[in-house]
Amino acid sequence: MSKSVSCRYEPHCCHDEWGNFPQTVSCRHEPHCCHGEWETFRKQFPAAVNRTAAAPDRKLSAIVSFLFALPSYPAGQETHLLPRSFPMITIFPTFFPSFACKADKCRHTCCQKWEIDIDEDTAETYRHTPGPLGDELRAWMTTGDEGSTCFRLNDQGYCHFLNEKGLCRLILEMGPSSLCQICRDHPRFYKFTYDNQREEDVTLAGTGLACEETVEQLLAEKGEMVFAVKGEKGLLSFEDLLSRLSLSLPRRLLHFHPSFQKDQVHQVLQLLEETNPIDQEWTKSLSFMEDHEEELSRKAERLAENLPPHFLTNLYRYIFYRQLDECEAYDIEDAACYSSESVTFILLEYARTGNLIRSVTRWSEQVEYDTENVYILLDRISEMDTPAE
């Protein structure tokens, strides 16, 4: 192994299978990572691993970094955080490995409004952290409504440890390993389903649309989004992914088709009204939209025509992707309807606010990050499809 390769081995790593690295690769293996996988991946994606080439494939290079190494952190603020107990990733959008928190550049920080639960291991660490910071940690720890340990928010609704520059003091003063599990994981999600063809469990990974960086990554896609499968050659289209999971859709439902017919818009708003509101502003905005349905529909239709090619279909598919595990309990066309009506609502919200990214993140906060609301919508859509007895 080259001297320029930094490698901190963890238990259960098969060191002798590691093979030869390009000199620029940094190896910090997680437990259960089999080094032999590197050689397979190197042969499948040679452009990705050729870091010294004049024009390496940046997307595939990011995938390699994600699959075989922990990320490096920008100086002064470690923002590209991985979960402490990182699950085996099977399928993920190709932009997923390059996700990095925007930290102080974020216009709508996730360090607000949410009740920040603290896992017991981290809570125990905080209870014994010495010095003034330890005193602050204990002063802001409390017990939540469900009995779990969490941080109290300040009077402005923000985490106390978010400084005036929009950076986390715990990372700055104690390092990223000091964060509780939810802060390390967010906005990443992992959904578990089953691959009937191969008779194996499948993990679907991604980052939530409540995060503006995720929305910006979707906007930056030049074509239809594709997915990578760990340890396998090639990439999957959305249709390929469905087939891989033994799912199928009519071709008309593989794409998003904007439609703002009066009855459909009214149905979308009525469905959202049945969800549990995240705050009073959500209720007020829904009421406004219901009072201005026709005006907002006309404006949303114009705005949809001017969005980047593929964005609306990618958004539709990404919302769909996060609920693919629910296709075991719900009809896949109901999940498609949920995704389509979600995009329709986002466009109406965009027409109301003029802010596309915030319209997506606001919808996600209300729906995706309250799983009860997801089930309310899926149940209602399913009931609408069920003929009356």
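Residues numbered from 1 in each chain as written. Predicted model: local features only at pLDDT ≥ 70, side-chain atom pairs only at ≥ 80, totals over all residues. Heavy atoms only, no water.

1. Some points on the confidence of the model for the protein chain
Right, so step 1: Summarising the model, the protein chain shows a mean pLDDT of 78, and 76% of its residues fall at 70 or more.
Right, so step 2: Contacts from residues 1-87, a stretch scored under 50 in pLDDT, to residues over four places away or in other chains number 156 contacts. (pLDDT = per-residue confidence, 0-100. Contact = heavy atoms within 4.5 Å.)

2. Quick look at empty space enclosed by the protein
Right, so step 1: On inspection of all chains with the given rule, the structure shows two cavities of 30 Å³ or more.
Right, so step 2: Of the voids in this model, the largest cavity is the one considered here, and its volume is about 70 Å³.
Right, so step 3: Forming the boundary of the largest cavity are Val268, Leu271, Leu272, Tyr338, Glu341, Ser342, Trp363, Val367, Leu377 and Ile381.
Right, so step 4: When contributions to the lining of the largest cavity are tallied by element, the ones reaching two or more residues are helix H10 (262-273), helix H14 (332-353) and helix H16 (371-385).
Right, so step 5: Partitioning the lining of the largest cavity into residue classes produces eight nonpolar, one polar and one charged. (1 Å grid on protein atoms, 1.4 Å probe; cavity = no way out; pocket = protein on both sides within 12 Å on 5 of 7 lines; lining within 4 Å. Points joined across faces, edges and corners; volume = space filled by probe spheres on them. Helix = DSSP H or I, 4+ residues; strand = E, 2+ residues; numbered from the N terminus. Nonpolar A, V, L, I, M, F, W, Y, C, P; charged D, E, K, R; others polar.)

3. Comments concerning the environment of Gln112
Right, so step 1: Looking at where Gln112 falls in the secondary structure, it is placed in the loop between strand S1 (91-93) and strand S2 (116-117).
Right, so step 2: Separated by 46 residues in sequence, Gln112 and Tyr158 place their C-alpha atoms 4.1 Å apart.
Right, so step 3: With residues up to four places along the chain from it excluded, the contact list for Gln112 reads Gly157 and Tyr158.

4. Details of the packing of aromatic side chains
Right, so step 1: By the definition in use, this model includes twelve aromatic pairs.
Right, so step 2: Pairing Trp282 with Phe345 gives two aromatic rings, centres 5.3 Å apart and planes at 45 degrees, and the pair type is tilted. Here Trp282, found in helix H11 (residues 280-291), pairs with Phe345, found in helix H14; they are 63 residues apart in sequence, far enough to count as distant. Of the two residues, Trp282 and Phe345, neither departs from the other in class, the shared state being buried.
Right, so step 3: Taking 6.0 Å as the distance between ring centres and 65 degrees as the angle between the ring planes, the aromatic pair formed by Tyr316 and Phe320 counts as edge-to-face. Here the residue Tyr316 and the residue Phe320 both occupy positions in helix H13 (residues 311-322), the gap between them amounting to four residues, near one helical turn. We note that Tyr316, like Phe320, is buried.
Right, so step 4: Above the face of the Trp140 ring, Arg152 is positioned so that its terminal group lies 4.3 Å from the ring centre.
Right, so step 5: Lying over the aromatic face of Tyr369, Arg322 brings its terminal NZ or CZ to 4.9 Å of the ring centre. (Phe/Tyr/Trp six-rings, centres within 6.5 Å; stacked < 30°, edge-to-face > 60°. Buried < 20%, exposed > 50% of the residue type's maximum accessible area, 1.4 Å probe, protein only. Lys NZ or Arg CZ within 6 Å of the ring centre and 35° of its normal.)

5. Brief notes about the packing of H10 against helix H12 (residues 293-305)
Right, so step 1: Two numbers describe how H10 lies on H12: the axes approach to 11 Å, and their chain directions differ by 105 degrees. The orientation of H10 relative to H12 falls into the category roughly perpendicular. Taken together, the residues of H12 that come into contact with H10 (itself represented by Lys262, Val265, His266 and Leu269) are Glu293, Glu294 and Ser297. (Axes fitted to C-alpha atoms, helices over the stretch in contact; angles between N-to-C directions. Parallel < 35°, antiparallel > 145°, perpendicular 65-115°, else oblique.)

6. Observations regarding the packing of H12 against H14
Right, so step 1: Viewed as axis vectors pointing N to C, H12 and H14 meet at an angle of 100 degrees, and their least axial separation amounts to 8 Å. When the interaxial angle is binned, H12 and H14 end up roughly perpendicular. Contact residues: Leu296, Ser297, Lys299, Ala300, Leu303 and Ala304 in H12; Leu347, Leu348, Tyr350, Ala351 and Arg352 in H14.

7. As for the pattern of salt bridges
Right, so step 1: For the structure shown, the criterion picks out 24 salt bridges.
Right, so step 2: Arg107 is the salt-bridge partner of Glu216, the closest N and O atoms lying 2.5 Å from each other. Of this pair, Glu216 sits in helix H8 (residues 212-220) while Arg107 sits in the loop between S1 and S2; the two residues are 109 residues apart in sequence, bridging distant segments of the chain.
Right, so step 3: Among the residues examined, Glu216 registers a relative accessible area of 23% and is labelled partly exposed.
Right, so step 4: Classification of Arg107 as exposed rests on a relative accessible area of 59%.
Right, so step 5: Look at the salt bridges and you will find they share partners, linking Lys102, Arg107, Glu212 and Glu216 into a network. (Salt bridge = Lys/Arg side-chain N within 4 Å of Asp/Glu carboxyl O.)

8. Digging into the nonpolar core
Right, so step 1: Of all hydrophobic cores here, the largest spans 65 residues; its most connected members are Phe320, Leu324 and Leu347.
Right, so step 2: Counting residues per element, this core draws most heavily on H14, at eleven residues.
Right, so step 3: Ignoring anything within four residues of it in the chain, the contact list for Leu347 reads Phe256, Phe260, Ala300, Ala304, Leu307 and Leu312.
Right, so step 4: Of all hydrophobic cores here, the second largest spans 16 residues; its members include Ile116, Ala123, Leu133 and Phe161. (Core = buried A, V, L, I, M, F, W, Y, C linked by side-chain atoms within 4.5 Å.)

9. Focus: the sheet that holds S2
Right, so step 1: Reading across from one edge, S2-S4-S3 is the order of the three strands in this open sheet, with antiparallel pairing throughout. Either end of the sheet is taken by a strand with one partner, and the two such strands are S2 and strand S3 (141-143).
Right, so step 2: Of the strand pairs in this sheet, S2 and strand S4 (residues 149-151) are connected by two bridges, and their pairing is antiparallel. Bridge pairing in S4 places Ile116 opposite Phe151.
Right, so step 3: Contacts from helix H4 (residues 120-127) reach S3 and S4, with the element oriented near 65 degrees to S4.
Right, so step 4: Packing against the sheet, helix H5 (residues 131-140) makes contact with S3 and S4, and its axis sits at approximately 20 degrees to S3. (Pairing = 2+ DSSP bridges.)

10. Some thoughts on the state of the cysteines
Such a bond, covalent and formed between the sulfur atoms of two cysteines, is termed a disulfide.
Right, so step 1: Evaluation of the coordinates by the stated rule reveals zero disulfides.
Right, so step 2: Cysteine Cys111 shares no disulfide, and the gap to the nearest cysteine sulfur, in Cys110, comes to 4.3 Å.
Right, so step 3: Not part of a disulfide, Cys159 finds its nearest cysteine sulfur in Cys111, a span of 6.0 Å.
Right, so step 4: Classification of Cys159 as buried rests on a relative accessible area of 9%. (Disulfide = S-S within 2.5 Å.)

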